[in-house]
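Reading the structure
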Amino acid sequence: MTILRSPAGIPDATVARLPLYLRALDELAEQGTGVCSSEHLATAAGVNSAIVRKDLSHLGSYGTRGVGYDVRFLAGHIATVVGQTQPWDVVIVGAGHLGTALAAYEGFSARGVKVAAIVDADPALVGTVVGGHEVQSIDRLADVIASGQISLGIIATPPSAAQGVADELVAAGIASILNFAPTALKVPAEVDLRQVDVAAELQILGYHAHRRQVDTTAEVVVGS
């Protein structure tokens, strides 16, 4: 098998798929699968096998011709590349329904992420316990970040507050932000910003559901 490397400059699209491969490899390992082909991994990850081979080529791995990929070895290397082999502390800004759900989510730890703190601007929420963490005032955000090893920030606030929160996170030294607020944020070029807009994704699904409904109706009319 080709020796794997941990290169810089992996394309963003490939980086976005690496967690999918890692999850699929972990599942295969749990099932007792020791070696898998690109087709096997593609099926498990829900992508095309050609994409799998191209993505893994960025890591220096081409597998063994006629054999495939060593599941645990490849999983370990991808985990290293995506930073899962070291803990990443995150602060959640917003202790509403979404922030509470995120704070209680047990899947973070399996991916090397630990919720270190949660803050909110609502005095009624400050002091309450969410996901095992006492909610602190957003006025202490900079101190909370400075006092710990926090590297990631999650924004789970109303849209109107999101930009201000992003500015505070950046000012406090956070360069990796995951935004759940349904609004576009402006951050410096050196800050990594990921957007999760659940409503927009549902609208996209709604569009496709509507198209299927229209197509079905048209087929019925034509066939009648």
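Anyway, here's the lowdown on the structure attached to this text. Note that the structure is predicted; figures quoted are calculated from it, not measured. (Residues numbered from 1 in each chain as written. Predicted model: local features only at pLDDT ≥ 70, side-chain atom pairs only at ≥ 80, totals over all residues. Heavy atoms only, no water.)

1. Overview of the packing of helix α1 (residues 12-30) against helix α3 (residues 49-57)
Using the following cut-off: Axis lines are fitted through C-alpha atoms, for helices just across the contact stretch, and the angle between N-to-C directions can take any value from 0 to 180 degrees. Put simply, DSSP H or I for four residues or longer makes a helix, DSSP E for two residues or longer makes a strand, and each gets a number counted from the N terminus. Working rule for angles: under 35 degrees goes down as roughly parallel, over 145 as roughly antiparallel, 65 to 115 as roughly perpendicular, anything else as oblique. Whether two residues are in contact is decided by their heavy atoms: any pair within 4.5 Å suffices. Only Asp, Glu, Lys and Arg are considered charged in this grouping, and only Ala, Val, Leu, Ile, Met, Phe, Trp, Tyr, Cys and Pro are considered nonpolar; every other residue, Gly among them, is considered polar.
The interhelical angle for the contact between α1 and α3, taken along N-to-C directions, is 110°, at an axis separation of 10 Å. With respect to their mutual orientation, α1 and α3 come out roughly perpendicular. Note on element contacts: α3 touches α1 through Ile51, Val52, Asp55 and Leu56, opposite Thr14, Arg17 and Tyr21. Taken together, the residues of the contact of α1 with α3 sort by class into 4 nonpolar, 1 polar and 2 charged.

2. Points about the side chain of Thr14
Here Thr14 is to be found in helix α1. Here Thr14 is in contact with Asp55 and His58, once residues within four sequence places are set aside.

3. A few points about helix α2 (residues 38-45)
This is how it is decided: Type-normalised accessible area, obtained with a 1.4 Å probe on protein chains alone, sets the label of each residue: buried when under 20%, exposed when over 50%, and partly exposed for intermediate values. The arc in question is the one spanned by the directions pointing from the helix axis to the C-beta atoms.
Among all positions of α2, only Ser38, Leu41, Ala42 and Ala45 are buried. Buried residues in α2, looked at end-on, bunch into an arc of 100°, giving them a common side. For α2, the secondary structure elements touched by its buried residues are α1, β1 (35-36), α3, β2 (69-70) and α4 (71-81). Just downstream of α2, Gly46 is the residue with a positive phi angle, here 75°.

4. Examining the pattern of salt bridges
Note the threshold: A side-chain nitrogen of Lys or Arg and a carboxyl oxygen of Asp or Glu constitute a salt bridge if their distance falls within 4 Å.
Tallied over the entire structure, the rule returns 3 salt bridges. Across the salt bridge formed by Asp55 and Arg17, the nearest N and O atoms sit 2.6 Å from each other. Taken together, the positions of Asp55 in helix α3 and Arg17 in helix α1 put the pair 38 residues apart, joining distant regions of the chain. With a shortest N-O distance of 3.5 Å, Arg53 and Glu39 are connected by a salt bridge. Of this pair, Arg53 sits in helix α3 while Glu39 sits in helix α2; the two residues are 14 residues apart in sequence, bridging distant segments of the chain.

5. Thoughts on α4
Stated formally: Under this definition, polar contacts are N or O atom pairs within 3.5 Å; protein pairs additionally need one hydrogen-donor-capable and one acceptor-capable atom, and for neighbouring residues in sequence, both atoms have to be side-chain atoms.
For α4, the set of buried residues is Val71, Leu74, Ala75, His77, Ile78 and Ala79. Tucked inside the fold, the buried residues of α4 contact α1, β1, α2, α3 and β2. Two to three positions downstream of the cap, the backbone nitrogen of Arg72 sits 3.3 Å from a side-chain oxygen, assigning the N-cap of α4 to Asp70.

6. Thoughts on the packing of α2 against α3
Axis separation between α2 and α3 bottoms out at 8 Å; the angle between their running directions is 105°. Judged on the interaxial angle alone, α3 and α2 are roughly perpendicular. Seen from α2, the contacting residues are Ser38, Glu39, Leu41 and Ala42; seen from α3, they are Ser49, Val52, Arg53 and Leu56. Residues that form the contact of α2 with α3 fall into these classes: 4 nonpolar, 2 polar and 2 charged.

7. A closer look at the side chain of Asp120
Spelled out, the test is: When charges are counted, neither His nor the chain ends are considered; positive counts come from Lys and Arg and negative counts from Asp and Glu.
Mapped onto the secondary structure, Asp120 falls in strand β4 (residues 113-120). No salt bridge forms around the buried Asp120; measuring N to O, its nearest opposite-charge neighbour Arg140 is 14 Å away. Polar side-chain contacts of Asp120 include one of 2.6 Å to the backbone nitrogen of Ala95. Residues in contact with Asp120, not counting those within four places in the same chain, are Gly94, Ala95, Gly96, Leu125, Val126, Val135, Gln136, Ser137 and Ile138.

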